[in-house]
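One-letter residues, chain by chain:
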Amino acid sequence: MMAASVRATFRLFQPLRPVPPMRIPLGQPTVPGRTTVARTMGVLPLPFFSKPRDFSLPNLSWGPEMVRLYEHYNSQCEVEREGGEKQKGPWKRLPSYNRVLKYATGGVYLSKLIQSKARLFTRNIKEPGVSFEYVLFDNSEEQKCVGILQAGHLLEGPPGFVHGGAIATMIDTVTGAHATLLSGPVMTANLNINYRSPIPLGSTVVLESCLDKKEDKKTFVTCKVTSSNGSKLHTEATGNLFGGAASV
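Residues numbered from 1 in each chain as written. Predicted model: local features only at pLDDT ≥ 70, side-chain atom pairs only at ≥ 80, totals over all residues. Heavy atoms only, no water.

An unreviewed UniProt entry lists the chain under the name Acyl-coenzyme A thioesterase THEM4, from Takifugu rubripes. Looking at the Sequence similarities (unreviewed entry) heading of the UniProt record, one finds this comment for the chain: "Belongs to the THEM4/THEM5 thioesterase family." (UniProt positions renumbered as here; feature names shortened; annotations may be inferred.)

So this is what it looks like as structure tokens:
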């Protein structure tokens, strides 16, 4: 009796048998009562093939100022000429997804499960409006990049105001995207920030990054954070980003 109980307990804790990969038959149809050998393709779980979502598009959490600024820059991404012909405008909207890990250094060695769970820091919360709501626009002619940010309540630092680290994150995001467009893949080597006035939670601000100079593989930019109408300066910063191709 005891031996039977031990055997039953042992079976309970045995590791689960591996589940064979799901296969989808391609080409030949299945005939009832007959086994058909067909070419098959292994299928990974659905999370690995989830459709990318662009988080830089308007959603219901965006306030009037956020929408107004978005429409202002977005309207300049495509302009209409005489005769109704449309052409590329001076600005370009930069899409923003919640996952960018692909084949970065070391990334290829991570398991598929870890790769599927990796999330961009500013896009790691699914609920709209509670943290970073932003969109970036680039102007290659003026060598300028603009970010429009609406700061949610989860970014609180001092009571009622945005945490300084969240502001630094967005400055790094805008300057990093700008330098990447200018010089190829880069990483921030130095970021010097001067906080001038606090940013109220829920408000919309504009971050503007401008090219200062390029020296070999170093790209120097300046960035300022202002109120939505430009009347108040919240933050100033200078950045030195390293990488990309050497400047010509």
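Draft legend 1. The arrangement of the environment of S228 in detail. Within the element layout of this structure, S228 appears in the loop between β10 (218-227) and β11 (233-243). Using a relative accessible area of 18% as the deciding quantity, one classes S228 as buried. When the C-alpha atoms of S228 and E65 are compared, they prove to be 7.0 Å apart, with 163 residues separating the residues in sequence. At 2.7 Å, the side chain of S228 forms a polar contact with the side chain of E65. (Helix = DSSP H or I, 4+ residues; strand = E, 2+ residues; numbered from the N terminus. Buried < 20%, exposed > 50% of the residue type's maximum accessible area, 1.4 Å probe, protein only. Polar contact = N/O pair within 3.5 Å; in protein donor to acceptor, adjacent residues only side chain to side chain.)

Draft legend 2. Representation of helix α4 (residues 164-183). A rise of 1.5 Å per residue sets the reference length of α4, with its 20 residues, at 28 Å; its end C-alpha atoms lie 28 Å apart and thus fit the reference within 8%. A166, I167, A168, T169, M170, I171, V174, T175, G176, H178, A179 and S183 are the residues of α4 that are buried. Buried residues in α4 make contact with β6 (132-139), β7 (144-151), β8 (186-195), β9 (204-215), β10 and β11. Immediately downstream of α4, the backbone of G184 shows phi near 90 degrees, a positive value. (Expected span 1.5 Å × (residues − 1). Contact = heavy atoms within 4.5 Å.)

Draft legend 3. Quick peek at helix α2 (residues 64-74). Listed in full, the buried residues belonging to α2 are M66, L69, Y70 and Y73. For α2, the angular spread of the buried residues around the axis is 105 degrees, confining them to a single face. Among the exposed residues of α2, those oriented more than 90 degrees off its buried face are P64 and E71. Where the residues of α2 are buried, they touch β5 (92-94), β6, β7 and β9. (Arc of directions from axis to C-beta.)

Draft legend 4. Fine view of the packing of aromatic side chains. As enumerated under the stated definition, the model contains five aromatic pairs in all. Pairing W62 with Y70 gives two aromatic rings, centres 5.5 Å apart and planes at 70 degrees, and the pair type is edge-to-face. Per residue, the accessibility class of W62 equals that of Y70, and both read buried. With centroids separated by 6.4 Å and ring planes inclined at 55 degrees, the aromatic side chains of F121 and F132 adopt a geometry described as tilted. Residue F121 is found in the loop between α3 (112-117) and β6, and its partner F132 is found in strand β6; the two are separated by 11 residues along the sequence. Judged by relative accessible area, F121 falls into the exposed class, the value being 53%. Taken together, the ring pairs in this structure connect W62, Y70, Y73, W91 and F137 into an aromatic cluster. Over the aromatic face of Y134 sits the side chain of R123, whose NZ or CZ is 3.8 Å from the ring centroid. If you follow K213 out to its NZ or CZ, it ends over the ring of F220, 5.0 Å from the centre. (Phe/Tyr/Trp six-rings, centres within 6.5 Å; stacked < 30°, edge-to-face > 60°. Lys NZ or Arg CZ within 6 Å of the ring centre and 35° of its normal.)

Draft legend 5. Spotlight on the nonpolar core. Among the nonpolar cores identified, the biggest contains 22 residues, and F132, L149, V162, M170, I171 and L207 are the most heavily contacted of them. For this core, the secondary-structure elements that each account for two or more residues are β6, β7, α4, β9 and β10. Top element by residues in this core is α4. It accounts for six residues. Other than its neighbours up to four places away in sequence, L149 contacts M66, F132, E133, Y134, M170, S203, T204, V205 and L207. (Core = buried A, V, L, I, M, F, W, Y, C linked by side-chain atoms within 4.5 Å.)

Draft legend 6. View of the side chain of T122. Within the secondary structure, T122 sits in the loop between α3 and β6. Reaching out from T122, the side chain makes a polar contact with the side chain of Y134 at a distance of 2.8 Å. Setting aside residues up to four positions removed in sequence, T122 forms contacts with F132, Y134, T169, M170 and T173.

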